[in-house]
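Coordinate analysis (summary)
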Amino acid sequence: MSRVELAEITGLTQATISTVVRGLLDDHLLVESGEREFTGGKPRIKLVLNPRARCAVGVQLGADWIILAVVDAAGAIVARTRVRGARDEAPEAVVPSIARDVEHLLAVAGLPQEVVVGLGLALPGVVDLERGSIVSSRSLSRWEGFGVRDALADAAALDVVVETNSAAAAIGEFWASGDGDSKAHGTLYMGAGLGAGIVLAGSLYRGASGNAGAIGPVAGGSGRSGEIGLEDLAGPAAVAAHARAALARGRTSSIVLPEPADPFTDFAAVATAAVLGDPLATSLVEDSAEHVADAALTLANVLDLDSIVLAGPSFAVAGSIYLAAVRHRLATSFHARGRHGVDVRLSAQISDAAAVGSAALVLQQELAPRHLGVVSELA
């Protein structure tokens, strides 16, 4: 749009708009498109965003894979890669390796260092945002208490922002996809565990400690050993354990589970078999999907959500089964369905959502910091 249109939309004077636009042009955030609008007087020169003027790196730390993505100011992925996960090595050895991978990815993308505003780091489990560390994690227990934010900032020579996987995925979905009109959005994230990211009125809701949306430990049933959480019923490790137990009892199935047992590899095998129609695998994944649908319904009812996205590497193979279950549950049981529906879909970046989202969060902090969080002193 032109400077005149900007003045009309913002209510600012032409002189103010000219000053602001001049600064944005000097910073290369805006460029003149070369297109002109003729209205009878002096032609109006159109301005457009220059998305490559600011970029950020997102890193999704996981046990199986570490995913890296470079995202520009328009939310587009410039480059991405994935490398071996962090489960088997000490944090002190993994962090320098991540820094080298970041340097290589930026070189491949052809981006000069000066356009990279920072690095977003998405972490699994309960996260201490102030200290930049993992408090507890089922999949990365060796990282608990390690100051990964500061260590990576030193190694990569970039400012680093940490976030939970689910929150990062939620802000990335909201910011870079079609959910900009959503008033209350939730992203259900399933990696090694289950979590939810919440965006209300365009702002990420973090809660009192930055760990809002921890639905995995929420009680989903009871047993003699105490409460059973949602992850114990529907998480990848639970599905994998049920598959091994069924095969050990002699159930016939096309599922092939290698030795030694690994919950992430096992779950991928079960999910693949389910998509191919194996009865045992389909039953196990559908049971998991029903529990996830229960969680989605609870979240939608409590927060009156109008959109939900399923994201995370554990939805990558059999996401369609989970999507169908969540859609059906909300279509039949959502308390406000007489007032509005809930748009439910799979993430466009389903396996990489947290990496893309953490990069988007860095860009949002740079370009629109007032929208970073609500009801949280951490914003």
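Below: a short report on this structure. Predicted model, so just to flag it, every value in this text is computed and none were measured. (Residues numbered from 1 in each chain as written. Predicted model: local features only at pLDDT ≥ 70, side-chain atom pairs only at ≥ 80, totals over all residues. Heavy atoms only, no water.)

What follows deals with unusual backbone geometry. With an omega of 0°, the peptide bond running from Glu259 to Pro260 counts as cis. Unusually for a residue other than glycine, Ala157 sits at a positive phi of about 55°. With respect to the helices and strands, the residue Ala157 is situated in the loop between helix H4 (148-156) and strand E9 (160-164). The class of Ala157 is exposed, set by a relative accessible area of 61%. (Helix = DSSP H or I, 4+ residues; strand = E, 2+ residues; numbered from the N terminus. Buried < 20%, exposed > 50% of the residue type's maximum accessible area, 1.4 Å probe, protein only.)

For helix H8 (residues 263-275), which comprises 13 residues, the first-to-last C-alpha distance of 18 Å matches the rise-based estimate of 18 Å (1.5 Å per residue) to within 8%. By the burial criterion, the buried members of H8 are Asp266, Phe267, Val270, Ala271, Ala273 and Ala274. Down the axis of H8, the buried side of the element spans an arc of 160°, and every buried residue falls inside it. Elements that come into contact with the buried residues of H8 comprise strand E10 (184-190), helix H7 (236-248), helix H9 (279-303) and helix H10 (319-333). Where H8 begins, one side-chain oxygen reaches toward the backbone nitrogen of Phe264, 3.1 Å away; that side chain belongs to Asp262. Just beyond H8, the residue with positive phi is Gly277, at close to 95°. (Expected span 1.5 Å × (residues − 1). Arc of directions from axis to C-beta. Contact = heavy atoms within 4.5 Å. Polar contact = N/O pair within 3.5 Å; in protein donor to acceptor, adjacent residues only side chain to side chain.)

With that settled, the discussion passes to the sheet that holds strand E15 (residues 307-311). Neighbouring strands of a sheet are bound in pairs by backbone hydrogen bonds; such pairs are parallel or else antiparallel. Read from one edge of the open sheet, five strands run E12-E11-E10-E15-E16, paired in mixed fashion. The open sheet has two free edges, formed respectively by strand E12 (203-205) and strand E16 (343-346), since each of these has just one partner strand. Strand-to-strand twist across the sheet, computed as the mean angle between neighbouring axes with direction ignored, equals 25°. Here E15 runs beside E16; their pairing, made up of four bridges, is parallel. (Pairing = 2+ DSSP bridges. Axes fitted to C-alpha atoms, helices over the stretch in contact; angles between N-to-C directions.)

What follows covers the packing of aromatic side chains. For the structure on display, the rule yields two aromatic pairs. Considering the side-chain rings of Phe315 and Tyr322, the 5.1 Å spacing of their centres and the 75° angle between planes classify their relative orientation as edge-to-face. Accessibility expressed as a relative area gives 0% for Phe315, which makes it buried. Taking NZ or CZ as reference, Arg82 lies 3.9 Å from the ring centre of Trp65, over its face. (Phe/Tyr/Trp six-rings, centres within 6.5 Å; stacked < 30°, edge-to-face > 60°. Lys NZ or Arg CZ within 6 Å of the ring centre and 35° of its normal.)

Extensive coverage of strand E4 (residues 65-72) is indicated by the burial of seven of its eight residues. Alignment of strand E3 (residues 55-60) against E4, held across six bridges, turns out to be antiparallel. Residue pairing across strands places Val57 opposite Val70, the latter belonging to E4. Once E3 ends, the chain turns through four residues before running back antiparallel as E4.

Let us now look at the side chain of Lys46. Secondary-structure assignment places Lys46 in strand E2 (residues 44-49). A relative accessible area of 13% places Lys46 in the buried class. There is a polar contact of 3.1 Å between the side chain of Lys46 and the side chain of Glu5. Look past the residues within four positions of Lys46 in its chain and what remains in contact with it is Met1, Ser2, Glu5, Val31, Glu32, Ser33, Glu35 and Glu37.

Before going further, it helps to spend a moment on the environment of Arg100. Following the sequence through the fold, Arg100 ends up in helix H3 (residues 91-109). Judged by its relative accessible area of 53%, Arg100 is exposed. Measuring from C-alpha to C-alpha, the distance between Arg100 and Ala155 comes to 8.4 Å, with 55 residues separating the pair along the chain.

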